[in-house]
Amino acid sequence: MEYFIQQLVNGITLGSIYGLIAIGYTMVYGIIGMINFAHGDIFMIGAFVALISFIIFGLTGVALPIILLLVLLIAMLFTACYGWTVEKLAYKPLRGSFRLAPLISALGMSIVLQNYVQVSQGARVKPMQPLFSGGLEFFKNSEFIVTVSYLQIFIVVLTIILMGIFTYLITKTDLGRAQRACEQDRTMTALLGINVDRTISITFIIGSSLASVAGMMFVLYYGVIDFYIGFLAGIKAFTAAVLGGIGSLPGAMLGGLLIGLIETFWAGYVSLEYKDVAAFSVLIVVLIFFPTGFLGKPDIEKV
Amino acid sequence: MEKRDIIQSFKDSLFTGLIALALFGPIVGLRTVSKGEGLFITPQWGVVFLLVGLCILGRFLINLNSARKTEITFFSKFTSKFSAITEDKAKHFAITGILFAVVFPFLPFTDRYFMDVAIMILTYIMLGWGLNIVVGLAGLLDLGYVAFYAVGAYSYALIATTFGWSFWICLPLAGIFAAFFGILLGFPVLRLRGDYLAIVTLGFGEIIRIILINWYEVTNGPDGITGIPRPSFFGLPFKRSPDEGETSFHLFFNFEYSTMHRIIFLYYLILVLALITNYFTLKIRKLPVGRAWEALREDEIACKSLGVNPTNTKLTAFAIGAMFGGFAGSFFATRQAFISPESFTFIESAIIVAIVVLGGMGSQTGVVLASIFLIGITEMFRDLEQFRMIAFGGAMVLIMVFKPKGILANRKPTILMHGDKK
């Protein structure tokens with residue numbers, strides 16, 4: 001039982017990270033209907049920017065909360081630049097062309113980003129000293145002590161705050177309304193005087209900044225990154241987005257949590273080596289029974 | 001050009017420079033280096049300023065040029081002329097290409113390196129043609145094609161090392177195994193729509209790779225399988241000193257022994273395999289099942305209403321594509337004599353899909369051109385080891401931006417209802 005609770009806590013933490021990346025996938029898919037393959041690599045770049053700024057601020061000796069806030073903002077800013085540029089260079093010229101073209105372009109962009117970081121930062125893994133230590137302990141008198149580290153609390157709380165801001169942004173503001181309108185009908189939205197190109201750019205910026213937060217969490221949580229982390233995290237997050245129903249924002253978060261939980265429980269109870277297989281197998285099974293994911297809108301085919 | 005335009009484009013270039021500074025500043029400028037127990041930062045501002053300067057200059061030149069818009073139209077004019085030529089003379093082009101491929105090993109400038117590259121290109125051409133059945137004809141986006149390639153390679157390696165059967169028995173078996181895996185995966189997932197199918201096949205590719213890494217008892221894990229038997233020339237092995245009671249190739253034909261014999265034989269082997277794939281595709285396009293694939297690609301609902309069973313039709317495409325992937329896999333295993341899960345990563349799938357799409361989906365000639373172009377680019381950058389994948393990815397993006405339909409856009413159905421206009 002205690003072991004179960006420990007795995008639950010770990011799974012929720014991991015799920016928060018996947019969920020934040022999944023939002024980027026689902027938003028882009030919702031608005032321009034393409035799989036942004038480079039998103040996983042944007043997440044990786046976010047992790048690198050966070051790592052670099054942690055090292056810089058680590059030397060200054062500022063208090064931890066201020067460092068966290070500054071790193072968060074810096075990572076979001078610089079990673080958003082990447083998201084914006086990638087969209088401008090590789091996807092915008094392809095808008096309105098046939099379905100596979102942006103996907104191939106995104107694959108190419110993903111290869112470019114990965115190798116660019118490999119060249120500029122080196123292929124070795126980058127370890128980082130843990131910033132957080134300690135945590136809350138439960139069930140102290142049983143055999144297995146459940147530990148909820150302060151870092152896990154930080155990750156989950158930060159995710160909840162960001163999700164709150166994000167939900168407000170999408171449901172209540174003009175920007176969110178413009179975005180939802182673009183999702184439904186881009187031509188009509190443009191006719192009503194909304195700058196569609198700008199809205200799409202902003203979508204990429206928001207998606208990238210959320211991915212960079214996930215990257216920062218990843219650095220803190222695992223303490224080690226390399227240029228290749230984007231691939232696996234990226235496809236798992238996309239799996240999460242599909243699982244929750246692609247195009248649906250609560251779905252992305254739910255899918256992220258589910259993938260995180262499945263992965264941790266599988267690793268904890270079944271087999272550690274095959275933990276990556278679990279996520280994909282679940283995806284295949286779910287898609288057979290819920291072809292549009294859990295919260296996705298059923299897709300009506302018209303002639 | 002007016003003065004205001006120049007000022008405007010100058011401002012624009014400066015903005016580009018600012019963005020470039022934000023992009024390259026942290027990632028290129030602050031290189032993290034492990035020293036002792038911690039990470040330290042080595043600044044490299046020189047490189048950053050060079051890159052930012054190049055971006056500003058490039059943007060400025062593009063802006064100056066954009067008034068005339070010359071080179072983009074030039075580029076597309078060039079490529080469309082090119083595809084028009086190949087379209088008209090497709091048959092001549094194909095025959096010339098095949099003749100060139102046949103005499104290639106005996107040309108004076110051909111050396112060992114050229115032969116290796118040519119074999120690699122032909123392997124990708126074969127994989128591209130195999131995947132073209134799935135992506136180009138049936139319109140199913142398969143991002144896990146490398147899984148079938150891996151299944152083919154591993155089943156060949158396992159059968160050949162365990163039972164010691166010859167290449168010509170193992171090859172069809174490997175193909176059948178791969179096709180079987182294609183059906184196994186295809187059966188549950190082919191009802192899914194395009195993008196879902198893409199991600200599920202991607203996941204399947206990863207599953208196969210993870211199983212290959214972890215299933216030590218059979219696949220020997222990350223160490224891979226070594227000592228896979230080389231193919232023999234109809235029973236004549238390519239060995240300097242054959243075993244007792246055997247005649248080797250060079251003794252039988254009374255040649256001087258040379259390692260090139262085996263390379264040349266492998267070259268012709270993959271050439272024949274690739275041409276078989278091509279011939280099969282061209283023929284099956286004219287059969288009812290091939291027409292059903294193309295019809296499904298164009299309009300699934302119409303097909304359903306005409307009584308075509310979409311799942312079964314897609315399943316045949318998937319299985320046949322997988323089978324050719326398996327053949328190519330066996331060839332890969334026998335050429336390398338060593339396989340490990342390293343060779344079957346996602347990047348391979350991405351390269352094969354890129355070849356099919358960049359070539360122009362459904363175009364057989366396009367696959368050839370795209371393979372030569374993409375593999376050629378990475379080979380040209382071979383000396384700059386680190387930059388070759390950047391060049392490869394960059395080429396994918398650029399081709400898509402300038403020619404979204406691929407080098408040879410040939411998405412015409414094989415038959416049209418009112419007959420061909422020409």
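Residues numbered from 1 in each chain as written. Chains lettered and ligands numbered in written order. Predicted model: local features only at pLDDT ≥ 70, side-chain atom pairs only at ≥ 80, totals over all residues.

**Student:** Quick question: what am I supposed to make of the overall build of chain B here?
**Tutor:** In terms of regular secondary structure, chain B is built from 17 helices and four strands. Out of the 422 residues belonging to chain B, those deemed buried represent 41%. For chain B, the proportion of contacts with a sequence separation of at least 24, taken over those separated by at least 6, is 75%. (Helix = DSSP H or I, 4+ residues; strand = E, 2+ residues; numbered from the N terminus. Buried ≥ 20, exposed ≤ 12 C-beta atoms within 10 Å, placed from the backbone. Contact = placed C-beta atoms within 7 Å.)

**Student:** Which parts of the structure should I look at to understand the overall build of chain A?
**Tutor:** A tally of helices and strands in chain A yields 11 helices and four strands. Over its C-alpha atoms chain A spans a radius of gyration of 19 Å, differing by no more than 12% from the 19 Å that the globule rule assigns to 303 residues. Dimensions of chain A along its principal axes, counting C-alpha atoms only, are 65 × 50 × 40 Å. When burial is assessed residue by residue, chain A has 50% of its 303 residues classed as buried. In chain A, 75% of the contacts between residues at least 6 apart in sequence involve partners at least 24 apart. (Rg over C-alpha atoms; globule rule 2.2 N^0.38 Å.)

**Student:** Honestly, the packing of helix H2 (residues 39-60) of chain A against helix H3 (residues 64-91) of chain A in this entry has me stumped. Any pointers?
**Tutor:** The relative placement of two packed helices comes down to the angle between their axes together with the axis-to-axis distance. Residue and element names in this part refer to chain A. Two numbers describe how H2 lies on H3: the axes approach to 9 Å, and their chain directions differ by 140°. Where H2 crosses over H3, the handedness of that crossing is right-handed. The residues of H3 that touch H2, namely those facing Ile42, Ile45, Gly46, Val49, Ala50, Ser53, Phe54 and Phe57, are Ile67, Leu70, Val71, Ile74, Ala75, Phe78, Thr79, Tyr82 and Gly83. (Axes fitted to C-alpha atoms, helices over the stretch in contact; angles between N-to-C directions. Left-handed = near helix turned anticlockwise from the far one by under 90°.)

**Student:** What exactly am I supposed to notice about the environment of A:Leu77 here?
**Tutor:** Residues and elements named next belong to chain A. Inspection of the secondary structure puts Leu77 in helix H3. Given 14 C-beta atoms within 10 Å, Leu77 falls into the partly exposed group. Counting along the chain gives 28 residues from Leu77 to Val49, while the straight-line C-alpha distance between them is 9.8 Å.

**Student:** Would you take a moment to explain the environment of B:Val52 for this structure?
**Tutor:** Residues and elements named next belong to chain B. Looking at where Val52 falls in the secondary structure, it is placed in helix H2 (residues 45-66). Taking the C-alpha atoms as reference, Val52 lies 60 Å from Phe163; in sequence the two are 111 residues apart. In this view, Val52 contacts Gly17, Ala20, Leu21 and Phe24; residues no more than four positions away in its chain are not counted.

**Student:** Teacher, can you tell me more about the pairing of strand S2 (residues 38-43) of chain B here?
**Tutor:** Residues and elements named next belong to chain B. Little of S2 sits inside the fold, with zero of its six residues counted as buried. Of the pairings in the sheet, the one linking strand S1 (residues 30-35) to S2 comprises six bridges and is antiparallel in character. From the neighbouring strand, Val33 faces S2, where its bridge partner is Phe40. (Pairing = 2+ DSSP bridges.)

**Student:** How should I be thinking about the interface of chain B and chain A in this particular structure?
**Tutor:** Often, the extent of an interface is quoted as the loss of accessible area on bringing the components together. Each partner contributes to the interface: chain B provides 49 residues, whereas chain A provides 56 residues. Contributing elements (two or more residues each) for the side of chain B that touches chain A: helix H1 (3-29), S1, S2, helix H7 (167-189), helix H8 (194-214), helix H15 (346-359) and helix H17 (388-402) of chain B. At 12 residues, H8(B) tops the list of elements feeding residues into the side of chain B that touches chain A. Of the residues that constitute the side of chain B that touches chain A, the class distribution is 35 nonpolar, nine polar and five charged. (Nonpolar A, V, L, I, M, F, W, Y, C, P; charged D, E, K, R; others polar.)

**Student:** Would you take a moment to explain the nonpolar core for this structure?
**Tutor:** Soluble, globular proteins show a tendency: their nonpolar side chains are buried together. With 202 residues, the main nonpolar core has A:Ala47 and B:Ala354 as its most contacted residues. Broken down by element, the residue count for this core peaks at 14 residues, all from helix H5 (residues 112-137) of chain B. The two domains that each donate at least three residues to this core are domain 1 (3-68) and domain 2 (76-402) of chain B. The residues touching A:Ala47, leaving out its near neighbours within four places in the chain, are A:Gly215, A:Met216, A:Phe218, A:Val219, A:Ile225 and A:Ile229. (Core = buried A, V, L, I, M, F, W, Y, C linked by C-beta atoms within 7 Å. Domains from an automatic or database assignment.)

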